[in-house]
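# Inside the fold
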Amino acid sequence: MTRPSDITHLRTVEEADVYKAGILAGHLRRERDDVVFTYIDHYLDDSAAPPVAFTLPKRTDAFRATGGSVPPFFAGLMPEGLRLTAITRAARTSEDDHFSILLAVGADTIGDIQVLSTGTIPADPQPLFDQSDTTSADFTALFTRATSTNAEELDRTALPGVQIKVSAQMISTPISGARGPAILKLNPPEYPLLVENENFFLDMAHECGIHVPNHQLAADRNGRTALFVDRFDRIIEHGEVRRLAQEDACQVLGRYPAAKYRITLQEAIKALADAVTTGRGSHLVATLQMLEIAAFSYLIGNGDLHGKNLSIRQNPAGTWEVTPAYDLLTTQPYMSWNDPMALSLYGRDAKLAYRWWAEAATRLGISIRAMNRSLTRILDASESWTNRVAEIGFDDKITHRLTTLIAERREQLRPSRV
């Protein structure tokens, strides 16, 4: 197996094995400036073996990407932001060398896919944070490690997203009695209180009836905070970790991550709901759940609900469903209070009063009655939270402005305003 210190050698690797739920399914291969994916015959012949992804149906023909890119589904597995920069520099390659970057983190991607140098035995990399508690930890040092270009310190887990997050074990809490795979989110210096922000709104979303992952705010020895979030693409089964398939809207649509702000909200919802139906799940339930996540995001001023922040997964019973909501936080204090919705909803990304949600629901096949019930439930449960915004820790001016914004949007979303 390639050692972390040998990461620059990944530039010379020509072929990779692709595993689906621990079973060898096919190969990724460089062909000059192209990268192609092909299934192996044995996997194609197994009628019970599922396709690697919705956009990679089982067939004998190759799936080809050009210009150094991998096919869009695989590109959606790669890290972004500072972690992508760190891995790129450690491998001494460029950000458009998808193949080498994917090999660096492919042993532990979101979902049930592993991408490894040919002949490598699948194994999970060691989590960057594996302590049983945080009282002796130093989150500032951990942040430095997570963004380091030193190959020996790299987190070899593929965690998409711009926010700095590293692989971890969920610490033992009343929420999670047994430690299992988790993501640890760290506060970046330029965005203060980001994890307190997300923790607050995840709690609020839960009270509003929106499914969110188990999570816990924790402090290190210096009093600095970080947020543990259970990985919902992993479950503990018979004492072992089982991987669950997961795809975001860009992956299901066959779009590269760069398109995450260019698709529309209705396009993302339709594509994911159609995929859920293909996976024996409920189209109507999936559509309504995603509309609820979007409406809640508007309510709290979350301007970053993009195409990679809406996802579906295959649950332990084999049925596809919408994942728990994630990356739920208000972006307004960091964006000068002028951050519209990341994705437009039928041409509108701001001032989304009730009638826009009612019309969108109808166009997406959801009854007005069902949409009204959802909005009423969210707004009723959110009332007490509007006066708790100070718990995040923002100063008085920001707290007042955020409280006012949420209160005003609660009124905008009221079904009685129709």
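Structure: above.
My aim in this report is to walk through the structure given alongside it, one point at a time. Counting restarts for each chain, with residues numbered from 1 along the sequence as it is written. The model is predicted, so local features are restricted to residues of pLDDT at least 70 and side-chain atom pairs to those at 80 or more, both for listing and for counting; the totals for chains, interfaces and linings are taken over all residues. Only hydrogens and water are set aside; all other atoms, that is, all heavy atoms of the structure, feed into the side-chain values.

By definition, any uninterrupted DSSP run of H or I lasting at least four residues is a helix, any uninterrupted run of E lasting at least two residues is a strand, and each is numbered from the N terminus. Scanning the chain from terminus to terminus reveals 12 helices and 14 strands. Note that the radius of gyration is over C-alpha atoms, with the globule rule given as 2.2 Å times the number of residues to the power 0.38. Over its C-alpha atoms the chain spans a radius of gyration of 21 Å, differing by no more than 12% from the 22 Å that the globule rule assigns to 418 residues. Looking at the chain alone, contacts between residues at least 24 apart form 66% of all its contacts between residues at least 6 apart. What makes two residues a contact is simply this: any of their non-hydrogen atoms within 4.5 Å.

Think of an α-helix as 3.6 residues a turn; residues three or four steps apart then line up on the same face. Those residues of helix α5 (residues 139-146) not exposed but buried are Phe139, Leu142, Phe143 and Ala146. The arc enclosing the buried residues of α5, seen along the axis, measures out at 105°, which places them on a common side. Here a polar contact is recorded for every N or O atom pair within 3.5 Å, except that within protein the pair must consist of a potential hydrogen donor and a potential acceptor, and residues adjacent in sequence are included only if both atoms are side-chain atoms. The N-cap of α5, judged by a side-chain oxygen 3.0 Å from the amide nitrogen of threonine 140 a few residues on, is aspartate 138. Think of it in three bands: with a 1.4 Å probe and only protein chains considered, a residue is buried below 20% of the maximum accessible area for its type, exposed above 50%, and partly exposed in between. Here the arc refers to the set of directions running from the helix axis out to each C-beta atom.

Time to look at the nonpolar core. We call a set of buried Ala, Val, Leu, Ile, Met, Phe, Trp, Tyr and Cys residues a nonpolar core when their side-chain atoms join them within 4.5 Å. Residues Met204, Phe296, Leu299 and Trp357 are the most contacted members of the largest nonpolar core, which totals 71 residues. The element best represented in this core is helix α9 (residues 283-300), accounting for 11 residues. With residues up to four places along the chain from it excluded, the contact list for phenylalanine 296 reads Phe201, Met204, Ala205, Cys208, Ile210, Leu328 and Ile378.

This part covers the packing of aromatic side chains. Centre distance within 6.5 Å is the pairing criterion for rings of Phe, Tyr and Trp, where only the six-membered ring of Trp is used; planes under 30 degrees apart are then read as stacked, over 60 as edge-to-face, and the remainder as tilted. Here the structure, examined in full by the defined rule, presents 13 aromatic pairs. Relative to phenylalanine 63, the ring of phenylalanine 37 lies with its centre 6.2 Å away and its plane at 35°, an arrangement referred to as tilted. On the criterion of sequence distance, the pair formed by phenylalanine 37 in strand β3 (residues 34-39) and phenylalanine 63 in strand β4 (residues 63-65) is long-range, its members being 26 residues apart. With relative accessibility at 8%, the residue phenylalanine 63 sits in the buried group. Taking 5.4 Å as the distance between ring centres and 75° as the angle between the ring planes, the aromatic pair formed by tyrosine 191 and tyrosine 334 counts as edge-to-face. Within this pair, whereas tyrosine 191 is found in the loop between β7 (181-186) and α6 (194-207), its partner tyrosine 334 is found in the loop between β14 (320-322) and α10 (354-363), the two being separated by 143 residues in sequence. Of the aromatic side chains, those joined through ring pairs into one cluster are Phe37, Tyr39, Tyr43, Phe63, Phe73 and Phe74. Only lysine NZ and arginine CZ atoms are considered, and such an atom sits over a ring when it is within 6 Å of the ring centre and within 35 degrees of the ring normal. A cation sits over an aromatic face here: arginine 59 above phenylalanine 63, 3.8 Å from the ring centre. The ring of tryptophan 385 has arginine 388 sitting right over it, with the charged end atom 3.9 Å from the ring centre.

The rule for pairing is simple: two strands pair if DSSP sees at least two bridges between them. One open sheet accounts for five strands, arranged β4-β3-β2-β1-β5; its pairing is antiparallel. Edge positions in the sheet fall to β4 and β5 (113-117), since each has one partner strand and no second. Strand after strand, the sheet turns through a mean of 25° between neighbouring axes, direction not considered. As paired strands, strand β1 (residues 15-20) and β5 are joined by five bridges and run antiparallel to one another. Each residue of the ladder has a partner; that of tyrosine 19, found in β5, is glutamine 114. To get an axis, fit a line to the C-alpha atoms, keeping to the stretch in contact for a helix; angles then go from 0 to 180 degrees between the N-to-C directions.

Sheet faces and side chains relate simply in a regular strand, where the side chains alternate between the two faces. Where burial is concerned, most of β3 is hidden: six out of the six residues are buried. Bridge analysis of strand β2 (residues 23-31) against β3 gives six bridges, and the strand direction is antiparallel. Within β3, the residue paired with glycine 26 across the bridge is tyrosine 39. Joining the antiparallel neighbours β2 and β3 is a turn of two residues, in which arginine 32 adopts a positive phi near 55°. Of the pairings in the sheet, the one linking β3 to β4 comprises three bridges and is antiparallel in character. Residue pairing across strands places phenylalanine 37 opposite phenylalanine 63, the latter belonging to β4.

Looking at the element boundaries, threonine 386 is found in helix α11 (residues 368-386). Within polar-contact distance, the side chain of threonine 386 engages the backbone oxygen of serine 382 at 3.1 Å. Look past the residues within four positions of threonine 386 in its chain and what remains in contact with it is Thr403, Ile406, Ala407 and Arg410.

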